[in-house]
Amino acid sequence: MSQPPLLLTVGEIARRLDTKVHRIEYIIRSRKIEATGWAGHARVFSEASFDHIASELSRMDADRQPSTRSNG
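Here's a quick rundown of the structure. (Residues numbered from 1 in each chain as written. Predicted model: local features only at pLDDT ≥ 70, side-chain atom pairs only at ≥ 80, totals over all residues. Heavy atoms only, no water.)

The relation between two aromatic rings is expressed through the spacing of the ring centres and the mutual angle of the planes. Tallied over the full model, the rule gives 0 aromatic pairs. Note that Arg16 overlies the ring of Phe50, its terminal NZ or CZ placed 5.9 Å from the centroid. (Phe/Tyr/Trp six-rings, centres within 6.5 Å; stacked < 30°, edge-to-face > 60°. Lys NZ or Arg CZ within 6 Å of the ring centre and 35° of its normal.)

See the structure below:
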């Protein structure tokens, strides 16, 4: 018998990516990432959504880094 797909809550995604829940919430909301379903009152997301969220988080962090180019 095969394993059911792994579904992740927002809190679990934040824990795996070692970041705060509000950053994950922002990415989900601003990138319009749809939940795969619901587990009680909690939204759950697929591994594909997790990968999308992780890449967006990396992109946000890269954009926050100061430029190493000189202005001279």
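Within a sheet, each strand pairs with its neighbour through backbone hydrogen bonds, oriented either parallel or antiparallel. Strands sit in the order 1-3-2 across an open sheet of 3 strands; the sheet is antiparallel. Since the sheet does not close on itself, it has two edges, and those belong to strand 1 (8-9) and strand 2 (37-39), each with one partner. Here strand 1 pairs with strand 3 (residues 42-45) via 2 bridges, running antiparallel. Residue pairing in the sheet places Leu8 in a bridge with Phe45 of strand 3. (Pairing = 2+ DSSP bridges. Helix = DSSP H or I, 4+ residues; strand = E, 2+ residues; numbered from the N terminus.)

Scanning all chains against the criterion turns up 7 salt bridges. Where Arg59 meets Glu56, a salt bridge forms, and the shortest distance between an N and an O atom there is 3.2 Å. Here Glu56 and Arg59 lie together in helix 3 (residues 47-64), a separation of 3 residues that amounts to about one turn. Judged by relative accessible area, Arg59 falls into the partly exposed class, the value being 48%. Through salt bridges with shared partners, a single network forms among Glu12, Arg15, Arg16 and Glu47. (Salt bridge = Lys/Arg side-chain N within 4 Å of Asp/Glu carboxyl O. Buried < 20%, exposed > 50% of the residue type's maximum accessible area, 1.4 Å probe, protein only.)

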